[in-house]
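Coordinate inspection notes
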Amino acid sequence: MSDPISQRQIAVEIDSATKIFESETSSVTALDNVSLKIRENEFFTLLGPSGCGKTTLLRLIAGFEHPTSGRIRLYQEDITFLPPYTRPVNTVFQNYALFPHMTVRQNVSFGLEMLKRPKGEIEKTVDEVLNLVRMEELGDRQTSDISGGQQQRVALARALAPKPKVLLLDESLSALDYKLRQDMQIELKRLQHETGITFVFVTHDQEEALTMSDRMAVINEGRVLQVGTPSEIYNFPTERFVAEFIGDSNFLEGQITEQNETHVRVQFSPASAVELPSGQTLLSAKKVTVAVRPEQATLTSATEQATLQGVVKSMVYFGTHTHYVVELDSGDEFTVHLQNIRGHELHYENGSRIGVMLDPAAMQILKD
Amino acid sequence: MLVAKNRNREFSVRYLPGFSSMAILCFVLLYAPIVALVIYSFNSGTNIALWEGFSLQWYVVAWENELVQEVTFRSLIVASIASVTATTLATMAALGTTRTRNYRGQMVIYAVINQPLMVPEIVTGVALLIFFAIIKAATGYHGLTYLVAAHTAFCIPFAYMPIRARLEGMDGILETAAQDLYATPVQTLRRITLPLLWPGILAGLMLAFVISLDDVVITELVKSAGQDTLPTYMLGQLRRGITPEVNAISSALLGVSVLLVSIFFILRTR
């Protein structure tokens, strides 16, 4: 795992894929000119709200759907129109889709049997894979006799047994309860590490995406908005949707009043402005939106030193943090999360005059 | 057709006046004649309305009657061939109407397959009679095939219903998963679809068999001379005067039907 991801081979390439579902009465564009490169042995997450097209994208890779236009490549080979049973790609389905008329072992060996592997090899591989997911004891059980978490493991084992080049996981953890889910998140990372297989993981859960991914793509309304590592996506969102969907954000409307090679000056009101390091994006628009994470701002009672001024509207104690909502003089609300460090707790009363201090390095200009 | 277990506890029609007695009356009307028929099949006398003591003699008479043996055998042959053929066709039709992409006119196909259930049997019977008469005149062939073909035809919708219901209830994702695991469409059908569909197919087979075994109207119209089945033979016997032998045959037939329908229900709920 020492080689940087950017130098690895491209495992899956989605090349300007568009998928339009036509019916007699309507036509829905599920994917709109999507291009993505997923690299070998990467844990790649497709993140987006339900109906954004992320599952359709997964189905294109698996071969259950074919794109209306564009190509899908697997290690440079064009697989766009290959049927699913010829692709070295396996899927872990949302509700597992275990075969109810087969035992755990029969489920896991199914793919290998279809590939006509020799009997001895099948036995050996099934043992290995059941071991890998810690289900070696339950091989002879019926799939209806095991718990949800165990079914999840069997589904994983079944998809891993044929040693696919890419493993696709379709909201595979969403049916589990919170505790099991956390265990499985760790388990999945371990499995990916041990097998060296490229994982493409679909989820609508931003927290899951942040904790598990090497890289992720944020998708909305059939378009890929941003691709990057979790920290790139969290710290440098390029669009309002990304900043809103992943974590909390404050949005400030401003105008660019000055721009040179090193700095951009954004004016929020006649009295308040910030100078941001430029170069994060090329700006053509004069009006811009700036995103600020609530934990990146601080409060001060010395209002004249702060960028923004307002009144404390509410205050909620969360243990590690206290969340303040400030009603700015502009009328907008601004949320600040202050960390509670023992001996240094800051406390601001509701209704008190307050200043919001912003760190220019932690502000992100969004493209519209 | 399953019995709902999630009953509303707050509202029970039992508290409506006269409901219980109405319910009991319905059961009496439904089952009293059948119970009487079964009881009198054990009558030792020759009169079907006068009880003279318990005996199994009419079962023995019926069992040893060569004519009864012959028509029973014919009924079983016709019902077996017709139900197997009808179930095979119904299975293919059900796969064709549920395991394809949506296509124009699928509702029409569904309606066309089920329509025979609504057509009065006598109409179907007359239609088949005329249709077969043309073929008989043209070919000169008068064998049992006509009867088997007629039974197959009216059994198809009965076999189709449970098979289609099972297919619709089956999660299509299992077939998708099989294809994902390198199973070709043929392997998917053999290893996943058919094994899971099996209870539905058996249920359809049972239902078709019973429907064929019990049929009178169409058989009466389509059969050639000397092609009586058990029900049409019994109808003929009744015209000549009734002995408890008919009761015995009826009771046996009832037993077989009840058994098959019970198996049908057990398979449905599995």
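The shown structure was predicted, so the numbers you read here are calculated from the model rather than taken from an experiment.

1. Some remarks on the overall build of chain B
The helix and strand tally for chain B stands at eleven helices and zero strands. Mapped in sequence order, the helices and strands of chain B form the string α-α-α-α-α-α-α-α-α-α-α. Along the three orthogonal principal directions, the C-alpha set of chain B runs to about 70 × 65 × 30 Å. Sorting the 270 residues of chain B into buried and exposed places 30% on the buried side. For chain B, long-range pairs separated by at least 24 residues make up 76% of all intrachain contacts whose partners lie at least 6 apart in sequence.

2. Let's talk about the overall build of chain A
Scanning chain A from N- to C-terminus turns up eight helices and 20 strands. Dimensions of chain A, computed from the C-alpha atoms along their principal axes, are close to 80 × 50 × 50 Å. A separation of at least 24 residues holds for 65% of the contacts in chain A among residues at least 6 apart in sequence.

3. A word on helix α10 (residues 230–240) of chain B
Within α10 of chain B the residues assigned to the buried category are L230, P231, T232 and Y233 of chain B. Within two residues after α10 of chain B, G241 of chain B carries a phi angle of roughly 120°, on the positive side.

4. What to know about the sheet that holds strand β12 (residues 263–269) of chain A
Residue and element names in this part refer to chain A. Here five strands make up an open sheet; going across it, the order is β13-β12-β11-β14-β20 and the pairing antiparallel. Of all strands in the sheet, those with a lone pairing partner are β13 (272–277) and β20 (363–366), marking the two edges. Taking each pair of neighbouring strands and ignoring which way they run, the sheet shows an average axis angle of 40°. Taken together, the six bridges between β12 and β13 define a ladder with antiparallel strand orientation. Residue pairing for β13: S269 is matched across the bridge by S272.

5. Examining the interface of chain B and chain A
Taken together, the contact between chain B and chain A spans 14 residues of the former and 15 residues of the latter. No other element matches the six residues that helix α7 (residues 173–180) of chain B contributes to the side of chain B that touches chain A. When its residues are assigned to classes, the side of chain B that touches chain A shows nine nonpolar, four polar and one charged.

6. A few points about the sheet that holds strand β1 (residues 10–22) of chain A
All names here are of chain A. Taken in spatial order, the four strands line up as β2-β1-β4-β5 in an open sheet, and their pairing is antiparallel. What marks the edges here is a single partner per strand, and that holds for β2 (27–39) and β5 (77–78). Against the sheet, helix α1 (residues 54–62) makes contact with β1, β2 and β4 (69–74), and its axis sits at roughly 115° relative to β1, the strand it touches most.

7. Overview of the domain arrangement of chain A
All names here are of chain A. Each domain of chain A was delimited in the assignment, giving domain 1 (5–240) and domain 2 (249–366). Each of domain 1 and domain 2 has a C-alpha centre, and these two points are 39 Å apart. Listed per partner, the contact involves five residues of domain 1 and five residues of domain 2. A breakdown of the residues in the side of domain 1 that touches domain 2 according to their chemical character gives two nonpolar, one polar and two charged.

8. What about the packing of helix α3 (residues 66–98) of chain B against helix α8 (residues 185–214) of chain B?
Residue and element names in this part refer to chain B. α8 packs onto α3 with a crossing angle of 140° between their chain directions and a minimal axis gap of 8 Å. Here α3 is positioned oblique relative to α8, judged by the angle of their axes. Remark: the crossing between α3 and α8 carries right-handed chirality. Together, S75, V78, A79, A82, S83, A86, T87, A90 and T91 of α3 and I201, G204, L205, A208, F209, S212 and L213 of α8 make up the contact between the two elements. Partitioned by chemical class, the residues of the contact of α3 with α8 number ten nonpolar, six polar and no charged.

9. Observations regarding α7 of chain B
Within the sequence span of α7 of chain B, burial applies to E175, A177, A178, Q179 and D180 of chain B. Check the buried side of α7 of chain B and you find it contacts α1 and β6 (89–92) of chain A together with α8 of chain B. Once α7 of chain B ends, the next one or two residues include Y182 of chain B, with phi positive near 70°.

10. Digging into the packing of α7 of chain B against α8 of chain B
Residue and element names in this part refer to chain B. In the contact formed by α7 and α8, the axes pass within 10 Å of each other and the chain directions differ by 140°. For the element pair α7 / α8, the angle class is oblique. In this structure, α7 meets α8 at a crossing whose hand is right-handed. Across from L174, E175, A178 and Q179 in α7, the residues of α8 making contact are T188, R191, I192 and T193. Here the contact of α7 with α8 is composed, by residue class, of three nonpolar, three polar and two charged.

11. What about the pairing of strand β10 (residues 223–228) of chain A?
Taken residue by residue, a regular strand's side chains alternate between the two faces of the sheet. All names here are of chain A. Inspection of the sheet shows strand β9 (residues 215–220) paired to β10 by five bridges, in the antiparallel sense. In the strand pairing of β10, V218 is matched with Q226. Here β9 folds back onto β10 in antiparallel fashion, the turn holding two residues, of which E221 has a positive phi close to 50°.

12. A short note on the nonpolar core
I61, A157, V166, L167, L168, V200 and V218 of chain A are the most contacted members of the largest nonpolar core, which totals 96 residues. Both domain 1 (5–240) and domain 2 (249–366) of chain A contribute no fewer than three residues apiece to this core. Sequence-distant contacts of L167 of chain A, defined by excluding residues within four places in its chain, comprise N90, V92, A159, L160, I197 and F199 of chain A. Counting 32 residues, the second-largest nonpolar core is a separate cluster that includes A79, I113, V210 and L213 of chain B.

13. Side note on unusual backbone geometry
Trans peptide bonds make up the majority, and among non-glycine residues the majority have a negative phi. All names here are of chain A. Located in the positive-phi region is S16, a residue other than glycine, with phi close to 40°. Position of S16 relative to the elements: it lies in strand β1. Residue S16 is classed as partly exposed on the basis of its C-beta count, with 13 C-beta atoms lying within 10 Å. Backbone geometry at Q76 places phi at a positive 70°, although glycine is not the residue there. Structurally, the position occupied by Q76 is in the loop between β4 and β5.

Rules of the game
Residues numbered from 1 in each chain as written. Chains lettered and ligands numbered in written order. Predicted model: local features only at pLDDT ≥ 70, side-chain atom pairs only at ≥ 80, totals over all residues. Helix = DSSP H or I, 4+ residues; strand = E, 2+ residues; numbered from the N terminus. Buried ≥ 20, exposed ≤ 12 C-beta atoms within 10 Å, placed from the backbone. Contact = placed C-beta atoms within 7 Å. Pairing = 2+ DSSP bridges. Axes fitted to C-alpha atoms, helices over the stretch in contact; angles between N-to-C directions. Nonpolar A, V, L, I, M, F, W, Y, C, P; charged D, E, K, R; others polar. Domains from an automatic or database assignment. Parallel < 35°, antiparallel > 145°, perpendicular 65-115°, else oblique. Left-handed = near helix turned anticlockwise from the far one by under 90°. Core = buried A, V, L, I, M, F, W, Y, C linked by C-beta atoms within 7 Å.

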